[in-house]
Amino acid sequence: MPFAQDHAITDVCVLVKDTQRSIDFYVGKLGFTLNRRADGFAEFSGAGLTLACWELDHLSEHTGVANAKAEGPHKVCIAVRVPSPAAVDAAYQELMEKGVPFYSEPADYVWNARGAYFIGPDDELWEIYAWKDGGSAGNY
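The next subject is the pattern of salt bridges. Per the counting criterion, the structure on display carries 6 salt bridges. Its salt-bridge partner being Asp 122, residue Arg 21 comes within 2.9 Å of it at the nearest N-O pair. Taken together, the residues Arg 21 in helix α2 (residues 19–28) and Asp 122 in the loop between β7 (113–119) and β8 (125–131) connect sequence positions 101 residues apart. Residues participating in the shared-partner salt-bridge network are Asp 89, Asp 108, Arg 114 and Lys 132.

Here you go:
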């Protein structure tokens, strides 16, 4: 069986500049629970897969992975599907009240979804979305 069909993605790790800044954002604003903390690393739990943050310089020092920093935002998009368009609006309101920086208010998009987009502390893009009536467009 092909690798991607046999092994589920279990963790998403955002490469960050400052682990404490990420902890403050993910715990304080988004409500994740801190599971594990080590030098240059933090792991969180929430509903779903494991989210982690790893300081890029620390990763590079210990593994040899290049520590080149990309310029500009949006090196990854982390998406959270909620059950309904109304739930997008509710999540937006909750997170706005906690100071999460959204690009704009929730909107309906041509791909038949309602969504809202915000930026994390290391320029990672987050999407909160729900399919509108009829579900996702373009399915095979």
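More follows now that the structure is in view.
Successive side chains on a regular strand alternate, one facing one side of the sheet and the next facing the other. The buried fraction of strand β3 (residues 41–45) amounts to 4 of the 5 residues, a majority that puts the element mostly inside the structure. Two elements, strand β2 (residues 33–38) and β3, share 5 bridges in a ladder whose sense is antiparallel. Residue Leu 34 lies in a different strand from β3, and its bridge partner there is Phe 44. What sits between β2 and β3 in their antiparallel hairpin is a turn of 2 residues, with Gly 40 showing a positive phi close to 75°. The hairpin formed by β3 and strand β4 (residues 50–55) contains 4 residues between the paired strands, and Gly 48 there has a positive phi angle of roughly 120°.

A few words on the sheet that holds β3. Sheets are built from strands that pair by backbone hydrogen bonding, the pairs being arranged parallel or antiparallel. The strand order β1-β4-β3-β2 describes an open sheet built from 4 strands, whose pairing is mixed. Only two strands of the sheet have a single partner each, and these edge strands are β1 (11–16) and β2. For this sheet the average axis-to-axis angle between neighbouring strands, irrespective of direction, equals 20°. The pairing of β3 with β4 spans 4 bridges and is classified as antiparallel. Bridge assignment links Phe 44 to a residue of β4, and that residue is Leu 51. The strands that α2 touches are β1, β2, β3 and β4; relative to β3, the one it contacts most, it runs at about 10°. In this fold helix α3 (residues 56–63) packs onto β1 and β4, with an angle of close to 80° to the strand it touches most, β4.

This part covers the layout of surface pockets. Empty space within the largest pocket amounts to approximately 550 Å³. Looking at the largest pocket, it is lined by 20 residues, and the ones nearest its centre are Phe 32, Ala 47, Ala 79, Val 80 and Trp 126. For the lining of the largest pocket, the secondary-structure elements that each account for two or more residues are β5 (77–81), α4 (85–97) and β8. A per-element tally of the lining of the largest pocket places β5 first, with 4 residues. Its residues assigned to classes, the lining of the largest pocket comprises 16 nonpolar, 3 polar and 1 charged. Quantified by volume, the second largest pocket comes out at close to 420 Å³. Contributing to the lining of the second largest pocket are 20 residues, with Leu 15, Val 16, Leu 56, Lys 75 and Asp 122 lying nearest its centre.

Analysis parameters
- Residues numbered from 1 in each chain as written.
- Predicted model: local features only at pLDDT ≥ 70, side-chain atom pairs only at ≥ 80, totals over all residues.
- Heavy atoms only, no water.
- Salt bridge = Lys/Arg side-chain N within 4 Å of Asp/Glu carboxyl O.
- Helix = DSSP H or I, 4+ residues; strand = E, 2+ residues; numbered from the N terminus.
- Buried < 20%, exposed > 50% of the residue type's maximum accessible area, 1.4 Å probe, protein only.
- Pairing = 2+ DSSP bridges.
- Axes fitted to C-alpha atoms, helices over the stretch in contact; angles between N-to-C directions.
- Contact = heavy atoms within 4.5 Å.
- 1 Å grid on protein atoms, 1.4 Å probe; cavity = no way out; pocket = protein on both sides within 12 Å on 5 of 7 lines; lining within 4 Å.
- Points joined across faces, edges and corners; volume = space filled by probe spheres on them.
- Nonpolar A, V, L, I, M, F, W, Y, C, P; charged D, E, K, R; others polar.

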